[in-house]
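The chain contents come next:
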Amino acid sequence: MDEREENGLSGAFINSLKRNNREIRDDRATAIAEDTELVYKRKIEDLEISIKKMQREQEYMLDLSPTSSQSLILASDFNCEDYVAKDIDLGIKIRNTEITLEIARQRYEYLFGGK
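Keep in mind that what you see is a predicted model, and the values were worked out from it rather than measured.

I'd like to hear about the overall build of the chain, residue by residue, with values.
Broken down by element type, the chain carries four helices and zero strands. Of the regular secondary structure in the chain, the N- to C-terminal order runs α-α-α-α. The burial tally for the chain puts 15% of its 115 residues in the buried class.

Outline a nonpolar patch on the surface, supporting the account with residue identities and numerical values.
Where nonpolar side chains cluster on the molecular surface, the patch consists of Val-84, Ile-88 and Ile-92 and spans about 260 Å² of accessible area. Tracing the chain through its elements places Ile-92 in helix α4 (residues 80-112). Residue classification places Ile-92 among the partly exposed residues on the basis of a relative accessible area of 46%.

How would you explain the nonpolar core if you had to name every residue and give the values?
Ranked by size, the top nonpolar core spans 11 residues in total: Ile-44, Leu-47, Ile-51, Met-54, Met-61, Leu-90, Ile-94, Leu-101, Ala-104, Tyr-108 and Phe-112. Only α3 (21-60) and α4 provide two or more residues apiece to this core. Ignoring sequence-local partners within four residues, the contact set of Leu-47 consists of Thr-97, Thr-100, Leu-101 and Ala-104.

Can you break down the packing of aromatic side chains residue by residue, with the values?
Under the defined criterion, the tally for this structure stands at three aromatic pairs. Between Tyr-40 and Tyr-108, the aromatic rings sit 6.3 Å apart at their centres with planes inclined by 50°, giving tilted as the arrangement. Of this pair, Tyr-40 sits in helix α3 while Tyr-108 sits in helix α4, placing them 68 residues apart in sequence. Classification of Tyr-108 by relative accessible area gives buried; the value is 6%. Judged by relative accessible area, which is 23%, Tyr-40 ranks as partly exposed. Following the ring pairs from residue to residue traces out a cluster consisting of Tyr-40, Tyr-108 and Phe-112.

Any chance you could break down the pattern of salt bridges for me, citing the residues and the numbers?
Applying the stated criterion across every chain yields a total of five salt bridges. Glu-48 serves as the salt-bridge partner of Arg-105, at 2.5 Å between the closest nitrogen and oxygen. Residue Arg-105 is located in helix α4, and its partner Glu-48 is located in helix α3; the two are separated by 57 residues in the primary sequence. Overall, Arg-105 belongs to the partly exposed group, its relative accessible area being 38%. One salt bridge connects Glu-57 with Lys-86, and the closest N-O pair in it is separated by 3.4 Å. Within this pair, whereas Glu-57 is found in helix α3, its partner Lys-86 is found in helix α4, the two being separated by 29 residues in sequence.

Cut-offs and rules
- Residues numbered from 1 in each chain as written.
- Predicted model: local features only at pLDDT ≥ 70, side-chain atom pairs only at ≥ 80, totals over all residues.
- Heavy atoms only, no water.
- Helix = DSSP H or I, 4+ residues; strand = E, 2+ residues; numbered from the N terminus.
- Buried < 20%, exposed > 50% of the residue type's maximum accessible area, 1.4 Å probe, protein only.
- Patch = residues over 30% accessible without salt bridge, like charges linked within 9 Å, V, L, I, M, F, W, Y side chains within 5 Å.
- Areas by Shrake-Rupley, 256 points an atom, 1.4 Å probe, with all protein chains shown as cover.
- Salt bridge = Lys/Arg side-chain N within 4 Å of Asp/Glu carboxyl O.
- Core = buried A, V, L, I, M, F, W, Y, C linked by side-chain atoms within 4.5 Å.
- Contact = heavy atoms within 4.5 Å.
- Phe/Tyr/Trp six-rings, centres within 6.5 Å; stacked < 30°, edge-to-face > 60°.

Written out as structure tokens, the structure is:
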């Protein structure tokens, strides 16, 4: 019988208290690394989805049929300024998000070995 059992102390709690500094640091490091890697993966996925949605929105802008595939928008109802502004704005958002995604992927590969 060891000292813990003689004193009536056993179980996960006492074992946790008696862990050495290296074991504690290793556990904390693993938890931090796993959590950070998951957040990085999720951020990359979210950026990819965002880019796809914006690209679709930009493509949908080419459909100038207001109500159905059989109808067309009247020239007098079309606002060129709004169309151009929205198209350019989407293009800028897409490009900025692509840059962010590229940086996130590079950092992920550097930090986590590209798992």
